[in-house]
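Here is what each chain is made of, one letter per residue.
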Amino acid sequence: MKQILLITDGCSNVGLSPVVAAAHAQSEGISVNVVGVLDHGDVGELGAAEIDEIARAGGGLSRMVNMRQLSQTVQMMTRKTVVQTIQLAVQKELKQVLGNASIEALPPEKRSDVVRVIDELGETSRLQVALLIDASASMKPKLAAVEDAIHDLMLSLQARQGKSEISVFHFPGSRHGDDCILDLDWTSHLNGVHAIFPKLQMGGTTPTGPAIMHIVDFYRKGDYGRQSRDETDGMMSDYVV
Amino acid sequence: MTTSFKVDLRRGMMVTGKWKQGRYRVERLLGEGANGKVYLVQRDRSWYAMKLGIDALDLQSEVNVLQSIAKQKQHGQESYLFDVDDLYGPDGREYPFYVMRYVLGSKTDDFLKRQGAEWFPLVGLNLLGKLAKLHQAGWVFGDLKVENVLVADYGHVELVDYGGVTAVGKSIRQFTEIYDRGYWNGGSRSADPQYDLFSFAVLCIQLHEPKRLQHLTVELLPQNRSVGELMQIVENSPALKPVAGWLQRAFAGQFADAGDASAAWRSLMHRRDTHRSSSTPFWLKGLAAASAVLLGISVYWLLRNLM
């Protein structure tokens, strides 16, 4: 299972629409979750609408939180999206077998068996989460909270039985026109990682869309090298295309 | 998460299960959890608690846990789960629900406030007993906190909200930050009996020193949260001092399971300092001293007048 988790505090303002980019990700089998971090006021109506829209297009969840709720929200969202992804895949299977569109339409006894399978897969299937952090100027005071949330997420993922990895990106890149920069390649532990974000030069633009596309590409390239299927991935790959 | 829970059952409303046609009369809202609302309902003159979920899968997963626990229970024990079904809400949408035994009780902190802190050791022991049974069956409660422990008369304890219950070895399904071992950098979020005992120890602090605990969560940077900081509160609290050794062991994960932990807790209960006889209030001491002085003066005055 592949996820992108975008943490931002406002509107994108350059390049491809992030909604289009998120839809791209979704068509590649990557779910996009979005957390809008509020500080004192609000992300603004426009920002809130965009955040909601990106998650919708990306088949994920969106939520507005203040910095104190960030860790809890990030780990909950990731967990929920895992279940949702499997649920969708199982739903598809059910449709073929029973001609039945939803798990909710099953009587509680049958539902119980299906949910048991979903829970098991949610715990054991392989999971990758690429975190995409908006590091534009207004996010600067919030980056410490973001780092804590990343460490906290890693802790939750480590408790899973399936292989779990995260990678971290931030955007905008430096002046050379990079859309986003890889801070941390796929890893399943953060031992010894104290500062995920090096001294960041806060840029003025917010190329959310291009940054999402960059990660879709990163996933795609990674998959070339990983054609030999992991043993932990076995069950899911039958379900998720 | 994007959808908020809007369904609202009102008092006196009759609801009927879609599959099994069980009819319930809604009395009132009992509480709201992470993934649903719990109502007090009546069926055939008996009271039950009905948990109404937002998400069918989420609730079913909780029901599965309850059913497996019920299967493991010995005969003769009252069953916790009574009915599982769907209902049509006032908005016309379908909502999943399950019906469980209704436990008349109050939240741990309210109970201790009303009945007195001297009930604490017994309530703690009973709670450990409940956890021990879960652990024996291969489960971890997960989301242990003040709100999820109901205390009835004479310190009887019931765990509510099984949304966090996790099979040993898997990742904890639902937790609350301040009770979480990972939050305090005290270990993993994998389900093991020690996870519950860690939360139990935090719960003890929450019951006696809620303000200091709250203060810690605000003051400390995440990387500085530690068991040491928690133990500092314990050492400075007269109410917790007697159980400090026990709490330290719980934080360090040194008990094999809740059964082991409860044996250690029980041996503490028979020590005199655990049940601190409420020491004489300061004003009473003052009053006694004042009356002694007055007595002295009056005796002196009497003697002087007699002579």
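Residues numbered from 1 in each chain as written. Chains lettered and ligands numbered in written order. Predicted model: local features only at pLDDT ≥ 70, side-chain atom pairs only at ≥ 80, totals over all residues.

**Q** Is there a simple way to think about the overall build of chain B in this case?
**A** When you go through chain B residue by residue, the secondary structure sums to 9 helices and 11 strands. On C-alpha atoms alone, chain B measures out to a radius of gyration of 25 Å, which is more than a quarter above the 19 Å that the 2.2 N^0.38 rule sets for 307 residues. Principal axes of the C-alpha set define a box for chain B whose edges measure 100 × 45 × 40 Å. Sorting the 307 residues of chain B into buried and exposed places 36% on the buried side. (Helix = DSSP H or I, 4+ residues; strand = E, 2+ residues; numbered from the N terminus. Rg over C-alpha atoms; globule rule 2.2 N^0.38 Å. Buried ≥ 20, exposed ≤ 12 C-beta atoms within 10 Å, placed from the backbone.)

**Q** How should the overall build of chain A be read in this particular structure?
**A** Assigned secondary structure in chain A consists of 7 helices and 6 strands. The order of helices and strands in chain A, counted from the N terminus, is β-α-β-α-β-α-α-β-α-β-β-α-α. In chain A, which comprises 241 residues, the share counted as buried stands at 44%. A separation threshold of at least 6 residues defines the contact pool for chain A, and within that pool the share at least 24 residues apart is 78%. (Contact = placed C-beta atoms within 7 Å.)

**Q** What should I look at first to understand the interface of chain A and chain B in this one?
**A** How big an interface is tends to be stated in terms of accessible area lost as the parts join. In this assembly, 26 residues from chain A lie in contact with 21 residues from chain B. Put simply, the parts of the chain that give the side of chain A that touches chain B at least two residues each are β3 (62–66), α3 (70–98), α4 (108–124) and α5 (143–158) of chain A. If you tally residues by element for the side of chain A that touches chain B, the top one is α4 of chain A, at 8 residues. In terms of residue class, the side of chain A that touches chain B is built from 10 nonpolar, 7 polar and 9 charged. (Nonpolar A, V, L, I, M, F, W, Y, C, P; charged D, E, K, R; others polar.)

**Q** What is the right way to read α3 of chain A from this model?
**A** Within an α-helix, residues lying three or four positions from one another point in the same direction, as the helix has 3.6 residues per turn. In this model α3 of chain A runs 40 Å from its N-terminal to its C-terminal C-alpha over 29 residues, within 8% of the 42 Å that 1.5 Å per residue would give. Glycine 99 of chain A sits one or two residues past α3 of chain A and shows a positive phi near 70 degrees. (Expected span 1.5 Å × (residues − 1).)

**Q** What is the right way to read the confidence of the model for chain A from this model?
**A** If pLDDT is low for a region, its predicted coordinates should not be looked at in detail. Residue and element names in this part refer to chain A. Summarising the model, chain A shows a mean pLDDT of 84, and 85% of its residues fall at 70 or more. When the elements of chain A are averaged for pLDDT, helix α7 (residues 234–239) gives the smallest value, 44, and helix α1 (residues 18–27) the largest, 96. This stretch, residues 227–241, has a pLDDT under 50; its non-local contacts, to residues over four places away or in other chains, come to 22 contacts. (pLDDT = per-residue confidence, 0-100.)

**Q** Sorry if this is basic, but what is going on with the domain arrangement of chain B here?
**A** Domain assignment breaks chain B into domain 1 (14–101) and domain 2 (106–269). Counting from both sides, the interface comprises 8 residues of domain 1 of chain B and, opposite them, 7 residues of domain 2 of chain B. (Domains from an automatic or database assignment.)

**Q** Just checking my understanding: could you explain the pairing of strand β1 (residues 2–8) of chain A for this structure?
**A** Each regular strand shows side chains that alternate between the opposite faces of the sheet. All names here are of chain A. Taken across its 7 residues, β1 has 7 buried, putting it largely inside the fold. Summarising the sheet, β1 and strand β4 (residues 127–134) pair through 6 bridges and their orientation is parallel. The partner of isoleucine 4 across the bridge, within β4, is alanine 130. In terms of strand pairing, β1 meets strand β2 (residues 30–38) through 7 bridges, oriented parallel. Paired with glutamine 3 across the strands is serine 31, a residue of β2. For the segment spanning β1, α1 and β2, crossover handedness is right-handed. (Pairing = 2+ DSSP bridges. Right-handed = clockwise from strand over helix to strand, strands pointing away.)

**Q** Please explain the confidence of the model for chain B as it appears in this structure.
**A** Residue and element names in this part refer to chain B. The predicted model of chain B averages 89 in pLDDT, with 91% of residues at 70 or higher. Here helix α9 (residues 282–306) stands out as the element of chain B with the lowest mean pLDDT, 76, in contrast to helix α4 (residues 193–208), whose mean of 98 is the highest. Per the prediction output, this complex has pTM 0.84; the corresponding ipTM is 0.83.

**Q** I would appreciate a short explanation of the sheet that holds strand β4 (residues 46–53) of chain B in the present structure.
**A** Strand pairing in a sheet relies on backbone hydrogen bonds. The paired strands run either parallel or antiparallel. Residue and element names in this part refer to chain B. Reading across from one edge, β1-β2-β3-β4-β6-β5 is the order of the 6 strands in this open sheet, with antiparallel pairing throughout. The strands lining the two open edges of the sheet, one partner per strand, are β1 (14–16) and β5 (81–88). Shown here is a sheet whose adjacent strand axes are inclined to one another by a mean of 40 degrees, direction ignored. Bridge count for strand β3 (residues 36–43) against β4 is 8 bridges, and the pairing is antiparallel. (Axes fitted to C-alpha atoms, helices over the stretch in contact; angles between N-to-C directions.)

**Q** What am I meant to see in unusual backbone geometry here?
**A** Note: most peptide bonds trans; most residues except glycine with negative phi. In this structure, the amide linkage connecting phenylalanine 171 of chain A to the following residue, proline 172 of chain A, adopts the cis form with an omega of 0 degrees. For proline 172 of chain A, the location among the structural elements is in the loop between β5 (164–171) and β6 (181–187). Phi angles above zero are rare outside glycine, and aspartate 44 of chain B is one such case at about 50 degrees. Mapped onto the elements of the fold, aspartate 44 of chain B is located in the loop between β3 and β4. Under the C-beta neighbour-count criterion, aspartate 44 of chain B is labelled exposed, with 8 such atoms within 10 Å. Within the chain, arginine 45 of chain B stands out as a residue other than glycine whose phi angle is a positive 65 degrees. Along the polypeptide, arginine 45 of chain B turns up in the loop between β3 and β4. Arginine 45 of chain B gets classed as exposed once you count the C-beta atoms within 10 Å, which come to 5.

**Q** Even after reading the chapter, I still don't get the sheet that holds β6 of chain A, so can you show me in this structure?
**A** Residues and elements named next belong to chain A. Taken in spatial order, the 6 strands of this open sheet run β3-β2-β1-β4-β5-β6, and their pairing is mixed. If you trace the sheet from one side to the other, it starts and ends with β3 and β6, each paired once. Here the average twist between neighbouring strands, direction ignored, is 15 degrees. In the packing of α1 onto the sheet, contacts are made with β1 and β2, and the angle to β2 comes to roughly 145 degrees. The strands touched by α5 are β1, β4 and β5; relative to β5, the strand with the most contacts, the crossing angle is about 165 degrees.

**Q** Would you mind showing me how to read the environment of valine 140 of chain B here?
**A** Residues and elements named next belong to chain B. For valine 140, the location among the structural elements is in strand β8 (residues 139–140). On the basis of neighbour counts, which here come to 29 C-beta atoms within 10 Å, the residue valine 140 falls in the buried class. Between the C-alpha atoms of valine 140 and serine 190, which are 50 residues apart in sequence, the distance is 9.7 Å. Contacts of valine 140, omitting those with residues within four sequence positions, involve Thr166, Val168, Ala191, Asp192, Pro193, Tyr195 and Asp196.

**Q** Can you help me understand the packing of α3 of chain A against α5 of chain A in this one?
**A** Each pair of packed helices can be described by the angle between their axes along with the distance between the axes. All names here are of chain A. At their nearest, the axes of α3 and α5 sit 8 Å apart, and the two run at 40 degrees to each other. Judged by the angle between their axes, α3 and α5 are oblique. Crossing hand, α3 versus α5: right-handed. On α5, the residues that touch Leu70, Ser71, Val74, Gln75 and Thr78 of α3 are Ala145, Val146, Asp148, Ala149, Asp152, Leu153 and Ser156. Residues belonging to the contact of α3 with α5 are distributed by class as follows: 6 nonpolar, 4 polar and 2 charged. (Parallel < 35°, antiparallel > 145°, perpendicular 65-115°, else oblique. Left-handed = near helix turned anticlockwise from the far one by under 90°.)

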